[in-house]
Protein chains: 2
Amino acid sequence: MRLAQLSEDSGTTTATVKYYLREGLLPPGRRVNTTQAEYDESHLRRLRLIRALIQVGRLPVSTVREVLGAVDDDTRDQHSRIGAAVWALPHGAEPPAGDPSAAAAEETVRALLERLDWGFGRLAGPESPAYRMLVGAVAALHRLGYPCTTDELLPYAEAAARVAETDLDMVERYENADAQIEAAVACTVLYEPVLLSLRRLAEAEVSNRRFGTED
Amino acid sequence: MRLAQLSEDSGTTTATVKYYLREGLLPPGRRVNTTQAEYDESHLRRLRLIRALIQVGRLPVSTVREVLGAVDDDTRDQHSRIGAAVWALPHGAEPPAGDPSAAAAEETVRALLERLDWGFGRLAGPESPAYRMLVGAVAALHRLGYPCTTDELLPYAEAAARVAETDLDMVERYENADAQIEAAVACTVLYEPVLLSLRRLAEAEVSNRRFGTED
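Described in the following lines is the structure provided in the data block. Residues take numbers from 1 onward in each chain, read along the sequence in its written order. Chain A is the first chain written and ligand 1 is the first ligand written, with later ones labelled in order. Since the coordinates come from a predicted model, pLDDT governs what is reported: local features require at least 70, and pairs of side-chain atoms require 80 or more to be given and counted, while whole-chain, interface and lining totals use all residues.

**Topic: the overall build of chain A**
Spelled out, the test is: Helix and strand labels come from DSSP, where a helix needs a run of H or I of at least four residues and a strand needs a run of E of at least two; each type is numbered from the N terminus. C-beta atoms are placed from the backbone for every residue, and two residues are taken to be in contact when these atoms lie within 7 Å.
Assigned secondary structure in chain A consists of 9 helices and 2 strands. Sequence-ordered secondary structure for chain A, helices as α and strands as β, is α-α-β-β-α-α-α-α-α-α-α. For chain A, the C-alpha atoms occupy an extent of roughly 65 × 50 × 30 Å along the three principal directions. Counting only contacts in chain A whose residues sit at least 6 apart along the sequence, the fraction spanning at least 24 positions is 64%.

**Here we look at the relation of the copies chain A and chain B**
What counts, and what does not: Residues reaching a pLDDT of at least 70 in both copies supply the C-alpha atoms on which the copies are superposed by least squares.
It takes a turn of 180° to lay chain A on chain B, together with a shift of 0.0 Å along the axis; the resulting RMSD is 0.0 Å. These values place the two chain copies in the arrangement generated by a two-fold rotation axis. For chain A, the minimum C-alpha distance to the rotation axis belongs to A:Ala159 and amounts to 2.7 Å. Most of the interface of chain A is mirrored in chain B, where 99% of its interface residues are also at the interface.

**Comments concerning the nonpolar core**
Selection rule: Each nonpolar core consists of buried Ala, Val, Leu, Ile, Met, Phe, Trp, Tyr and Cys residues. Their C-beta atoms, within 7 Å, join them into a set. With C-beta atoms placed from the backbone, the exposure class of a residue follows from how many other C-beta atoms lie within 10 Å of its own: 20 or more, buried; 12 or fewer, exposed; in between, partly exposed.
The biggest cluster of nonpolar side chains holds 142 residues, and the ones touching the most others in it are A:Leu134, A:Val185, B:Leu134 and B:Val185. Every residue in contact with B:Val185, bar those within four places of it in the chain, is listed here: B:Leu49, B:Val67, B:Val71, B:Ile82, B:Ala85 and B:Val86.

**Considering helix H4 (residues 61-71) of chain B**
All names here are of chain B. Basically, it comes down to this: What the arc measures is the spread of directions leading from the helix axis to the C-beta atoms.
All of the buried residues in H4 are Val64, Val67, Leu68, Ala70 and Val71. When H4 is viewed along its axis, its buried side chains cluster within an angular range of 155° and face the same direction. Close packing links the buried residues of H4 with helix H3 (41-56), helix H5 (78-88) and helix H9 (177-211).

Okay, here's the thing in structure tokens:
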């Protein structure tokens, strides 16, 4: 398809498509003459991922470039490409350096992950952003005196594990490795607000059942 | 206790405690003479909540004031006070006005909530920010062509329901209604990064098991 068609099918203006091409986020089409290029399904799919990261995930272009670099690194296996792309996504604040609650939080997290026996290899180890984000969140709970022991975290981890199985089931329905990797990254970002809003709605449901007097 | 003790026990500088008092976020202590006031456990607990909202949740002071107003509204029952406080918390972007995917998303969300038979009353109805946030997230998935039917959302909602039961179990361990309401609001905010980081770690675990070749 030509650029106009790519723009129409993706719901993206031609100016935006050209911007993504210039920035190297979208790979160039196959040149058919000096002024025109031909695009295919892979461009359409890539445009969807870029829009998910920029318009919904609000990632800066430089971060999107980094995420896409990991997605496209075909010297690595599929797991490593997903892991490296998720690694490049923005994460919450780490515990501030020198925070005395960080060491205790690290201990809690280590005990939790040992209990779960998750064998995720290097990509989710103690140096990974997701692990640092968890330590930061646990440190904040410790510091403020809210409950957050290994036992208290366990049901959250079990819920997260079920969500992750659902995520990967969805990803495996895509037809090939490239499409699966792109879907894994997009769904990681796009399902975060789904999960957080459903938790707030579910809290209202449970709170109404336990404490409500109005209905 | 005096202000210096309150500052020490809460790990907050006296300047910050005085700022929260001036802003009306922290209720005044009981005057013991013209220059000194006496504070108690309820001040300590309130300081913890304020720090959770400002330092971890990054809420602006005006939003914190609104959340605390709902927490303190003792003309309402406990469920309504929690619901109104969570209502005042920041939520993700709503679907842009006139987005053609918003109507379809609203239909998907309505069908999901009917299927779940959650009876949460007015505080989590179609006008609530959590409901609007869910519609916005589903609209983005629809618009970008990623999977997001009622059936596909169901396992996420079931995971959210289990998380919410755990949340409220934790809240019910607090000794009285005021402490329970404050803990419900703080834990809603503080456990969001816990849940998101655990999901990313769990995804790495599941992805390694299904696609990994390195270990």
